[in-house]
Amino acid sequence: MKRVIGILIMIMIFPGLNAYSQQYVFSGSYGNSVYNEGIVTFQLADSTYLIIGNSMGFMSYAAPYFARIDQKGVLISDVMISRPWLINVKAGVMKDSLVYLTGITMQGGSYNFMFMCTDLHGTVKSESYWGGQGWNIAHDIVIDSDDRVFIAGEATDSIYGKNNAVLMCLDTSGVLLWSKEFGGPGYDAFYAVDTGHAQTLIMAGTTTSQSISGDSAFYIVNTDKSGNLLWETVVDYPGLDIIYDIHPDITGGYFMCGQTAYWQSNSDLDAFLMRVGENGNYMWISQLGADKESGFNAVIQLPDSTYRMAGHNNGIFSSGKRDVFLTNADLNGLWSSYLLGLIIGGLEDDWANSVISTFDGGFLVTGTCKSFEQRLSSIYVIKTDSLAQSSFYGGHQTSIFSKPESITTESFRIFPNPVSDELTIRYSSEKLPFDAKAAIIDLSGRIIDEFFLNFSQDSSVKINTAGIRSGFYLLRIDGVTMRFQKL
């Protein structure tokens, strides 16, 4: 059954080049060091985007990174908030032109909670760090209408020596007002928090303390705004079960996403979408059913009650490792038969950490890529239209910093076409030198070959196509796609 679904997916993704050329808006890689990680992006009132992530700062410690890009993905400005210790952002939320961040800091050999408030330019208004010895990590943050900041994560339990799920409340200046722990003698953690229905809070993650099968189970907790328990739900399947994102559903109850080994006899992980009622009663779970490991890190709901999920896919359509994955489901968790989304990736691991709806009705995905730059990792941002689809293949582009602004399909001419043994690529612009990363991709989206093109003194480059089988292929050069036939 999974194989049949896969065949349908391929048909939906690749009906024709022209149909997708107008749906794909832009993708770009960002960062100012050898290590970069994309966490979340916000669209601002002027329609530009503010990217929040991590980069490598002072003494090679991780530091918060802010990048502002325009509607075409061109970098406007960036700044790094470096400290003489590690600060790693795990989540962020924006309200009234202020950004509130949470994550971890490491000082004195222990991981502690961090909170930071900045303006849109990365100027720090307040920051605080707290926690004891051991492992104290904040995974998510939300701010309510009364400007109370709630942070969810995990903290070392001094009684059991394991980690408990933790919920904390702060004011906007970073003063800790209270902290509550949940769980038992095993490993318990909250990976997501949001304001719930009827002035409550909703948290979700994983628990081993309450797993009947002895591994881990989905863990969902509902409290009032003072952290007092209202109800908790444990959904336990064989294997790993973990929730990475949760929100109140506009039709009632809550929807969430993450990873599970349920239905996988080989213990590989599936991406899933799940829903429970307002009292935590289990309603349904819907899995992607990929052949290999996949997962959703973020999910949003649209006004029509459908869902959009972002994460990674390492199944039959991936390039060999994890690829950025954006897809959708209806109100009942059924994968769409007419609108699937996109899979973008290269030879290394690439994944999405967040997805937002944009003012134009489209979507913007933020994550991390290791395939598209000659460094350890880059922040990766993908903008699509309302169909949440892309061109045949959206990856393998070089950084926007080295790309000429006017590059289009008209910038190149490839000949002969059809080609036998050698394909000539002619770059029509006079802006030399120009280096680009290129790839030959078959019509299923798989990479046949990838290489660098160097247009230095000569505007033409020849590539050997003798070893490629007969058929139709795509040539991807720095975000531009052309089609050719191999005889």
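This text follows the structure it describes.
What this report covers is the structure whose coordinates are included nearby. (Residues numbered from 1 in each chain as written. Predicted model: local features only at pLDDT ≥ 70, side-chain atom pairs only at ≥ 80, totals over all residues. Heavy atoms only, no water.)

Quick word on the overall build of the protein
Counting secondary structure elements, the protein contains two helices and 35 strands. Out of the 487 residues in the protein, the part that is buried amounts to 59%. The long-range fraction of contacts in the protein, counting pairs at least 24 apart against all pairs at least 6 apart in sequence, stands at 51%. (Helix = DSSP H or I, 4+ residues; strand = E, 2+ residues; numbered from the N terminus. Buried < 20%, exposed > 50% of the residue type's maximum accessible area, 1.4 Å probe, protein only. Contact = heavy atoms within 4.5 Å.)

What to know about the sheet that holds strand β18 (residues 241-248)
As a general point, the strands of a sheet are linked pairwise by backbone hydrogen bonds and lie either parallel or antiparallel. With antiparallel pairing, the four strands of this open sheet are ordered in space as β18-β19-β20-β21. Of all the strands in the sheet, the pair left with one neighbour each is β18 and β21 (282-287). The average angle at which neighbouring strand axes cross in this sheet is 20°, direction not considered. Two strands pair when backbone bridges link them, and strand β19 (residues 254-260) and strand β20 (residues 270-276) are joined in this way by seven bridges, in the antiparallel orientation. If you follow Gly 258 over to β20, its bridge partner there is Phe 272. (Pairing = 2+ DSSP bridges. Axes fitted to C-alpha atoms, helices over the stretch in contact; angles between N-to-C directions.)

Examining the pattern of salt bridges
Evaluation of the coordinates by the stated rule reveals ten salt bridges. Where Asp 46 meets Arg 68, a salt bridge forms, and the shortest distance between an N and an O atom there is 3.2 Å. Of this pair, Asp 46 sits in the loop between β2 (36-43) and β3 (49-56) while Arg 68 sits in strand β4 (residues 62-69), placing them 22 residues apart in sequence. Across the salt bridge formed by Lys 225 and Asp 144, the nearest N and O atoms sit 3.4 Å from each other. One end of the pair, Lys 225, is in the loop between β16 (217-224) and β17 (229-235); the other, Asp 144, is in the loop between β10 (136-143) and β11 (149-156), with 81 residues separating them in the sequence. (Salt bridge = Lys/Arg side-chain N within 4 Å of Asp/Glu carboxyl O.)

Notes on the nonpolar core
Core analysis: the largest hydrophobic core is formed by 21 residues, its most contacted members being Phe 412, Ile 425, Ile 440, Leu 453, Leu 475, Ile 477 and Phe 484. Put simply, the parts of the chain that give this core at least two residues each are β29 (412-415), β30 (422-427), β31 (434-442), β32 (447-455), β33 (460-464), β34 (471-477) and β35 (480-486). (Core = buried A, V, L, I, M, F, W, Y, C linked by side-chain atoms within 4.5 Å.)

Focus on the packing of aromatic side chains
In this structure the tally under the stated criterion is 17 aromatic pairs. An angle of 55° between the planes, with centres 6.3 Å apart, marks the rings of Phe 150 and Trp 178 as tilted. Here Phe 150 is found in strand β11, whereas its partner Trp 178 is found in strand β13 (residues 176-182), with 28 residues between them in sequence. Judged by its relative accessible area of 19%, Trp 178 falls in the buried class. Their ring planes at 85° and their centres at 5.5 Å tell us that Tyr 191 and Tyr 244 sit as a pair that is edge-to-face. Here Tyr 244 lies in strand β18 and Tyr 191 lies in strand β14 (residues 188-195), a separation of 53 residues in the sequence. Overall, the relative accessible area of 23% leaves Tyr 244 in the partly exposed class. Of the aromatic side chains, those joined through ring pairs into one cluster are Phe 182, Phe 190 and Tyr 219. Seen from the ring of Trp 178, Lys 180 lies directly overhead, with NZ or CZ sitting 5.3 Å from the centre. The side chain of Arg 483 reaches across the aromatic face of Phe 472, ending 5.3 Å from its centre. (Phe/Tyr/Trp six-rings, centres within 6.5 Å; stacked < 30°, edge-to-face > 60°. Lys NZ or Arg CZ within 6 Å of the ring centre and 35° of its normal.)

Considering the environment of Ile 463
Within the secondary structure, Ile 463 is located in strand β33. For Ile 463, a relative accessible area of 9% gives the class buried. Put simply, Ile 463 and Phe 451 are twelve residues apart on the chain and 9.4 Å apart in space, counted from C-alpha to C-alpha. Other than its neighbours up to four places away in sequence, Ile 463 contacts Asp 421, Glu 422, Leu 423, Ile 425, Ile 440, Phe 451 and Leu 453.

A few points about the sheet that holds β17
Within the open sheet, the four strands sit side by side as β14-β15-β16-β17. Their pairing is antiparallel. If you trace the sheet from one side to the other, it starts and ends with β14 and β17, each paired once. Within this sheet the neighbouring strands show an average axis-to-axis angle of 20°, counted without direction. Summarising the sheet, β16 and β17 pair through six bridges and their orientation is antiparallel. In the strand pairing of β17, Tyr 219 is matched with Val 234.

A few points about unusual backbone geometry
With an omega of -10°, the peptide bond running from Phe 415 to Pro 416 counts as cis. Inspection of the secondary structure puts Pro 416 in the loop between β29 and β30. With omega at 10°, the peptide bond leading from Asn 417 into Pro 418 counts as cis. With respect to the helices, strands and loops of the structure, Pro 418 is situated in the loop between β29 and β30. At Asp 96, a position not held by glycine, the phi torsion is positive, near 55°. Assignment of secondary structure puts Asp 96 in the loop between β6 (86-95) and β7 (98-107). Here the phi dihedral of Asp 147 falls at roughly 60°; this positive angle occurs in a residue that is not glycine. Structurally, Asp 147 is set in the loop between β10 and β11.

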